[in-house]
Amino acid sequence: MDKKEQILHYHRIDGLSQRDIARRVGVSRKTVKRYITEYEAMMMSNPEEGIDMCLASRPKYPSRNTGPVKLTEAVCAEIEYWLSENTKRRQTGMRKQCLKKQDIHRVLIEKGFDISYSSVCKYIQRRKIEKSKKPKDVFVKQYYEPGDECEFDWGEVKLRIGGKPVTFTMAVFALCHSEGRWAYLFRHQDNLAFMESHRNFFHDVHGVPHTMVYDNMKVAVILKPDGKKPTETLLRMQAFYGFDYRFCNARAGWEKGHVERSVDYVRGRAFTTRVDFDSIQDAQLWLSRICNNINKEIGSIATGNKQEALRRDVECMLHFPGDFGCFDLFDCTVDKQSTISIKGCHYSVPDHLVGTTVVVQLYSEKVCVYMTLNTRKWPSMSVATLMDQRRRTLTAGRHHAG
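Owing to the predicted nature of the structure, the values given are computational and were not obtained by experimental measurement. (Residues numbered from 1 in each chain as written. Predicted model: local features only at pLDDT ≥ 70, side-chain atom pairs only at ≥ 80, totals over all residues. Heavy atoms only, no water.)

A word on the overall build of the chain. Looking only at helices and strands, the chain has 13 helices and 15 strands in total. Put simply, the chain has 402 residues, and 39% of those count as buried. Counted over contacts in the chain with a minimum sequence separation of 6, partners at least 24 positions apart contribute 57%. As presented, the chain carries roughly 25,000 Å² of accessible surface, and 51% of it is formed by carbon and sulfur atoms. (Helix = DSSP H or I, 4+ residues; strand = E, 2+ residues; numbered from the N terminus. Buried < 20%, exposed > 50% of the residue type's maximum accessible area, 1.4 Å probe, protein only. Contact = heavy atoms within 4.5 Å. Areas by Shrake-Rupley, 256 points an atom, 1.4 Å probe, with all protein chains shown as cover.)

Here it is as structure tokens:
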């Protein structure tokens, strides 16, 4: 830049020739001519600011587009072949027989290629960096209509019930519009807990969101070669409540970021200062109280009034049709020990039912057993007719065998 200013000064102020300017500055005459030509062109296009633009612009030099001389296409093809061969060997358990960089260089020399070991290493490193590069994702904050979407997810909570450590599954619901949160505790992460959590949530808000959002949890999604399919449990709830569902992509937690953050937030608010409870019912009452306090909190300036947003969410939801029957219904034959077997556990029933078939309603926390008027007609009777003919509920006590 200093030499450029000197050249233009000698040309404008002193009026020297290009040859004299080149001799004084110590550059070639072609360089002097290029700068003077650039100055005159800028002055013609912009007489007022041409001189300032010319002095402020940095000199530009033509780039040398010289590629590697020894790293020819044939050499690159040979290296790519051995890299792909290494990938195949790793997949087939031959990891210890892959070619190292030194081995690839030795093979190239044996085949008559004149190339250095450093060039081979640089090419392999460059290819490794190119494969590891991923396109940057763009995230756009979404706006959700009131009552439109609700996200669901599981979380794990470790508590002490009666002094004994117990691990519970926490079902968490998060409304996307108002950030309202509800959570429920269960002993297992199965279909019954999946159904009962939805029943409790819809009952508490007295409404049904238009769309429920799930990740790839087994209780909601069946992964097949032709795509994702809903489970029978999800279809049953959809038919009863009338909501729609949407599945997230694998390893894409940002697609349901409301509930992802809500699981940690609710767990931290409810079960950090207190972990000891007398029963699961006491733990659930405490969790419901904490969620109620969270939903009553006043939102920030960005989120607005949270209670008002919750009210709009509930007003725009689907009609609440009532409580869904969250149980598995099947028949069991009473064995000679006067017990029935349900998922590997034996439950005792009155001894006069030995050899008969009873109807079982299995909930997440209880078992109901019904005796029919005529158990021999059970295979040809519908569930509704069978339940209409029930006579009484038998109290099922768990029978510990061994």
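That covers the picture; the talk isn't over yet.
Moving on, we come to the packing of helix α5 (residues 73-91) against helix α7 (residues 117-132). Each packed pair of helices is defined by two parameters, the angle between the axes and the distance between the axes. The N-to-C vectors of α5 and α7 enclose an angle of 60°; their axes lie 11 Å apart at closest approach. Judged by the angle between their axes, α5 and α7 are oblique. Where α5 crosses over α7, the two elements pack in a sense that is right-handed. Residue-level inspection shows Cys76, Ile79, Glu80 and Leu83 of α5 in contact with α7, the latter providing Val120, Tyr123, Ile124 and Arg127. Split into classes, the residues belonging to the contact of α5 with α7 amount to six nonpolar, no polar and two charged. (Axes fitted to C-alpha atoms, helices over the stretch in contact; angles between N-to-C directions. Parallel < 35°, antiparallel > 145°, perpendicular 65-115°, else oblique. Left-handed = near helix turned anticlockwise from the far one by under 90°. Nonpolar A, V, L, I, M, F, W, Y, C, P; charged D, E, K, R; others polar.)

Now for helix α11 (residues 280-296). Residue pairs three or four apart in sequence face the same way in an α-helix, which turns once every 3.6 residues. With 17 residues, α11 should cover 24 Å at 1.5 Å per step; its first-to-last C-alpha distance of 24 Å lies within 8% of that length. Ile280, Ala283, Gln284, Trp286, Leu287, Ile290, Cys291, Ile294 and Asn295 are the residues of α11 that are buried. (Expected span 1.5 Å × (residues − 1).)

Before going further, it helps to spend a moment on the pairing of strand β5 (residues 221-224). Both β5 and strand β6 (residues 227-230) contribute to a ladder of four bridges, which runs antiparallel. Across the sheet, the residue bridging to lysine 224 is glycine 227, located in β6. Taking the residues that link successive antiparallel strands as the turn, the β5-β6 hairpin has two residues. (Pairing = 2+ DSSP bridges.)

To continue, consider the pattern of salt bridges. In the structure shown here, the tally under the stated rule is 16 salt bridges. Residue aspartate 20 is joined to arginine 23 by a salt bridge in which the shortest nitrogen-to-oxygen separation is 2.5 Å. Taken together, the residues aspartate 20 and arginine 23, both in helix α2 (residues 18-25) and three residues apart, mark about one turn of the helix. Of the residues examined, aspartate 20 reaches a relative accessible area of 25% and is grouped as partly exposed. Here arginine 89 and glutamate 85 are joined by a salt bridge, their closest N and O atoms 3.5 Å apart. Of this pair, arginine 89 and glutamate 85 both sit in helix α5, four residues apart, which is roughly one turn of the helix. Each member of the pair, arginine 89 together with glutamate 85, is buried. Through salt bridges that share partners, Glu308, Arg311, Arg312 and Glu315 make up one connected network. (Salt bridge = Lys/Arg side-chain N within 4 Å of Asp/Glu carboxyl O.)

In this section: the packing of aromatic side chains. Overall, the coordinates contain 17 aromatic pairs when judged by the stated rule. Centroid distance phenylalanine 240 to tyrosine 241: 4.9 Å. Interplanar angle 85°. Geometry classified as edge-to-face. On the accessibility criterion, tyrosine 241 (4% relative accessible area) is buried. Sitting over the ring of tyrosine 10, arginine 24 keeps its end group 5.5 Å from the ring centre. Of note, arginine 34 hangs over the ring of tyrosine 35, and the distance from its end group to the ring centre comes to 5.3 Å. (Phe/Tyr/Trp six-rings, centres within 6.5 Å; stacked < 30°, edge-to-face > 60°. Lys NZ or Arg CZ within 6 Å of the ring centre and 35° of its normal.)

Here we come to a positive patch on the surface. The grouping of Arg19, Arg29, Lys30 and Lys33 at the surface amounts to a positive patch. Examining the composition of the positive patch, we find that three residues originate from one element, helix α3 (residues 29-45), more than from any other. Summarising the element assignment, lysine 30 is placed in helix α3. Judged by relative accessible area, which is 70%, lysine 30 ranks as exposed. (Patch = residues over 30% accessible without salt bridge, like charges linked within 9 Å, V, L, I, M, F, W, Y side chains within 5 Å. Lys, Arg positive; Asp, Glu negative; His and termini not counted. Charge placed at Lys NZ, Arg CZ, Asp CG, Glu CD.)

Our focus in this paragraph is unusual backbone geometry. Phi is mostly negative for residues that are not glycine, and the peptide bonds are mostly trans. The phi angle at glutamate 179 is positive, at roughly 60°, despite the residue not being glycine. Mapped onto the fold, glutamate 179 is located in the loop between β2 (164-175) and β3 (181-186).

This part is about the packing of α2 against α3. The geometry of α2 relative to α3 is characterised by a closest axis approach of 8 Å and an angle of 115° between their N-to-C directions. Classed by the angle they form, the pair α2 and α3 counts as roughly perpendicular. α3 is crossed by α2, and the crossing has right-handed handedness. For the pair formed by α2 and α3, the contact residues are Gln18, Arg19, Ile21 and Ala22 on the first element and Arg29, Val32, Lys33 and Ile36 on the second. By residue class, the composition of the contact of α2 with α3 is four nonpolar, one polar and three charged.

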